[in-house]
Protein chains: 2
Amino acid sequence: MALIVQKYGGSSVGSIDRIRNVARRLIETQQNGNRVVAVISAMSGVTDKLIGLAHEMTEHPSDAELDVLLATGEQQSVALLCMAIDDMGYKAMSFTGAQAGISTYGSHTRGRIMNIEPSGVLRALDEGNIVVCAGFQGVSHDGGRIHTLGRGGSDLSAIAMAAAVKADLCQIYTDVDGVYTCDPRVVKEARKIPVLCYEEMLEMASSGSKVMQARSVEFAKKFGVVFEVRNSMNNNSGTIVQEENPAMESLAVRGVSIERNQARVTVSGITAPVAYTAIILSALAKAEINIDMIVANVAHDGVARQSFTMNMNDLGAAQAALQKVLPQLGDKARLETESGLAKLSVVGVGMRSNSGVAATVFQSLADAGICTGMIATSEIRISTTVDAADIEKAARVVHAAFRLDRVSA
Amino acid sequence: MALIVQKYGGSSVGSIDRIRNVARRLIETQQNGNRVVAVISAMSGVTDKLIGLAHEMTEHPSDAELDVLLATGEQQSVALLCMAIDDMGYKAMSFTGAQAGISTYGSHTRGRIMNIEPSGVLRALDEGNIVVCAGFQGVSHDGGRIHTLGRGGSDLSAIAMAAAVKADLCQIYTDVDGVYTCDPRVVKEARKIPVLCYEEMLEMASSGSKVMQARSVEFAKKFGVVFEVRNSMNNNSGTIVQEENPAMESLAVRGVSIERNQARVTVSGITAPVAYTAIILSALAKAEINIDMIVANVAHDGVARQSFTMNMNDLGAAQAALQKVLPQLGDKARLETESGLAKLSVVGVGMRSNSGVAATVFQSLADAGICTGMIATSEIRISTTVDAADIEKAARVVHAAFRLDRVSA
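Residues numbered from 1 in each chain as written. Chains lettered and ligands numbered in written order. Predicted model: local features only at pLDDT ≥ 70, side-chain atom pairs only at ≥ 80, totals over all residues. Heavy atoms only, no water.

In the nomenclature of an unreviewed UniProt entry, chain A corresponds to Aspartokinase from the organism Candidatus Akkermansia intestinigallinarum. Quoted verbatim from the Catalytic activity (unreviewed entry) field of the UniProt record, the comment on chain A reads "L-aspartate + ATP = 4-phospho-L-aspartate + ADP". (UniProt positions renumbered as here; feature names shortened; annotations may be inferred.)

This is the structure:
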């Protein structure tokens, strides 16, 4: 008898009918001889409505009470899902984050999971229940206050619950069939990837394939939780994410990710002798701007130059933040910006043992007449910026160059 | 420094503006040098909406999960109220029933309070917070499941919280100024009663003055909680309800209650030798009909007769239930019903030491040409049925006969 954790997001439980669909899937999983824990989000739209209510009350709602308010969204969906299961003649029991023993630390609205004490959940399973647990929430380990877990929090709840109950499998249900070699809307030959290792999933998450937040993948990696990304509207097998194994290295590149709406900021003419990188990065951090690629040229003739990419939405704030610190960077320091960029990344653990990957990427782009800009690499990823207008063509030629359309292990 | 518990019902927190109004009142109470605990209901309408959602899911939602769903209503209102207080520059902390240490027993949707462990609430008060606690809910003492407390549950939460924290005063805010000598819409000379004892409040609650459910008054009496019924929209003093004291006996009658929509059922021709009362009352109980007055004539010539009053809405169900058991009551047993009745009650602990109260009631009604029907009495209450058409006139003449329009201690 396997123990399976299934996570359903807000759109999978977005209406009474969809909740019934989830109920049927859970019952079917139990009928197939498994013990089942569901972790679910608030019905889609509910969280936004609650945030709206809070902002009707005050421009700056207290984070602590925002958590109390938002947590009601999942509490409603777990209750409704249990009613649906009960209505179909099966036993179910709902758990809030606190009831499920999910203890947290960190700030309100951005809580982190410290520990899960699963005895209540396990007892309910022993009694034959389908357990339905509220995702996205827990209770602070020191004060007993309600915490929500921020973006991607329900995935994290599911992964952590799977670790705590020692689940045989954790299934993350979404509205896509799994992780693809590239976005199928861009590259029609894109295939679903059957197996990925955590590192590849992490690199793809941080380079545009927004199936899951990196924090959940990191948590799964840390606790060795094998999970599968699947579609809640069909029965297709999905993408399994697990520990790296030697067979994975046979393939140099696993997938191509693209990210649009990128912008570049360059600070040039830097003559400040030391610490100029710290000044620049602190200014951007204080303005809460997530920068992505960093290219720092070594100074020649005592003049340095640094470039960053970021989401286009952050460009204005980044300019404002950097303008303030320009005087600290030298008399000639100035800002230069470029928007209308996109980023292409190729990802694969096999890159470590296969040489020539970078060469293939840039040769194929050059052959197609596509100019590349900034370049950044990790051990298992190569990223480059291109003009936004070129990104789809770039994805297609790189996808083809690595023959990602062919089925392989 | 006094500790005050204030309870606000659903209409008092029914909109963002009204929640702000409650926030201001709580802050003012704290600014006057008090420690303040608020116990509040869900925003008016929210509970009904959630029940509607449950019934969209299934005709018979599980009571356990209905509790989980309904409890989100108060959780939302406590969060919003705390945001409002925070926005005005004061410290507040919200508590769900579970967080407030309210442990319960009994059935789902009709939980009863077993105990309140107030250390969390007291600690929050020590830290200078206005404590805002969700009424109507608690957590089952044995299973950690969410319980709601049924009708009048928020009043009960407030009274129980006041007992647990040893509050100096418990204020129940409603949309009326307090308990009146009679309904002011019927008797324009009706006055607000400054002080009542628990027994009087109980008799008035069960005889038509629906300011509070009897269960909350009983709880207050059991734990000696002094409470005041007040209006949340003004600063008028309300009605204080407390232990009986000798001074209260100087006034024979404290108030006149009226209850409309009454009906009478009479079973006559009963010849069954024993247990006929048990047969009749069991049949009515099984049909979940609350009967009010009971008049049981002694059998003469071996034939007995019993009459009951009840709410007119229950009349059909009562007839159906009794029809089934008629054969067990004898060959000649038959049913007789009368609707279009109302009930008038006079209440006062002073009745015990003042003779002639009944005589005054029936003399004044007779002088006004009003026929009375069934009569029932307790130690501190006299009730009689009259034709519905006569009830307002009856209330006025009895109110006048006891000079209830005059201000007194």
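Now that the structure has been shown, the text picks up again.
Participant: Mind showing me how you'd approach the overall build of chain A here?
Facilitator: Secondary structure summary: chain A contains 11 helices and 18 strands in total. The C-alpha atoms of chain A give a radius of gyration of 24 Å, which matches the 22 Å a tight globule of 409 residues would have. When its C-alpha atoms are laid out on the principal axes, chain A stretches across 75 × 55 × 30 Å. Each of the 409 residues in chain A was classed as buried or not, and the buried ones make up 55%. When contacts within chain A are restricted to residue pairs at least 6 apart in sequence, those whose partners lie at least 24 apart make up 76%. (Helix = DSSP H or I, 4+ residues; strand = E, 2+ residues; numbered from the N terminus. Rg over C-alpha atoms; globule rule 2.2 N^0.38 Å. Buried < 20%, exposed > 50% of the residue type's maximum accessible area, 1.4 Å probe, protein only. Contact = heavy atoms within 4.5 Å.)

Participant: Help me understand unusual backbone geometry, please; the structure alone is not making it clear to me.
Facilitator: Peptide bonds are mostly trans, and most non-glycine residues show a negative phi. Positioned with a positive phi, Asn261 of chain A is a non-glycine residue whose angle comes to about 55°. In this fold, Asn261 of chain A is placed in strand 13 (residues 255-270). A positive phi angle is found at Lys166 of chain B, which is not glycine, with a value near 55°. If you trace the backbone, Lys166 of chain B turns up in the loop between helix 5 (153-164) and strand 9 (169-174). Assessed through its relative accessible area of 69%, Lys166 of chain B is described here as exposed.

Participant: Would you mind going over the sheet that holds strand 11 (residues 227-231) of chain A with me for this structure?
Facilitator: Note on sheets: strands pair through backbone hydrogen bonds, and any given pair is parallel or antiparallel. All names here are of chain A. The strand order across the open sheet built from eight strands is 3-6-2-1-9-11-12-10, with neighbouring strands paired in mixed fashion. Only two strands of the sheet have a single partner each, and these edge strands are strand 3 (92-95) and strand 10 (195-197). For this sheet the average axis-to-axis angle between neighbouring strands, irrespective of direction, equals 20°. Helix 1 (residues 16-31) contacts strand 1 (3-8), strand 2 (35-40), strand 6 (130-134), strand 9 (169-174) and strand 11 of the sheet and is inclined by roughly 170° relative to strand 1. Most of the contacts of helix 3 (residues 63-87) go to strand 6, to which it runs at about 165°, and overall it touches strand 2, strand 3 and strand 6. (Pairing = 2+ DSSP bridges. Axes fitted to C-alpha atoms, helices over the stretch in contact; angles between N-to-C directions.)

Participant: Any chance you could explain the UniProt feature "binding site: substrate" (unreviewed entry) in chain A here in plain terms?
Facilitator: Residues and elements named next belong to chain A. As annotated in UniProt, the feature "binding site: substrate" (unreviewed entry) corresponds to Thr47 and Glu74 in the numbering used here. Spanning 28 residues, the annotated positions come together in the fold, the maximum distance between their C-alpha atoms being 8.8 Å. Locating Thr47 in the fold gives a position in helix 2 (residues 46-57). The partly exposed category is assigned to Thr47, whose relative accessible area is 21%. Among residues more than four places away in sequence, those in contact with Thr47 are Ala42, Leu70 and Glu74. Relative to the helices and strands, Glu74 is located in helix 3. If we ignore the near neighbours within four places in the chain, the residues touching Glu74 are Ile40, Ser41, Ala42, Thr47, Ala134, Gly135, Phe136 and Gln137.

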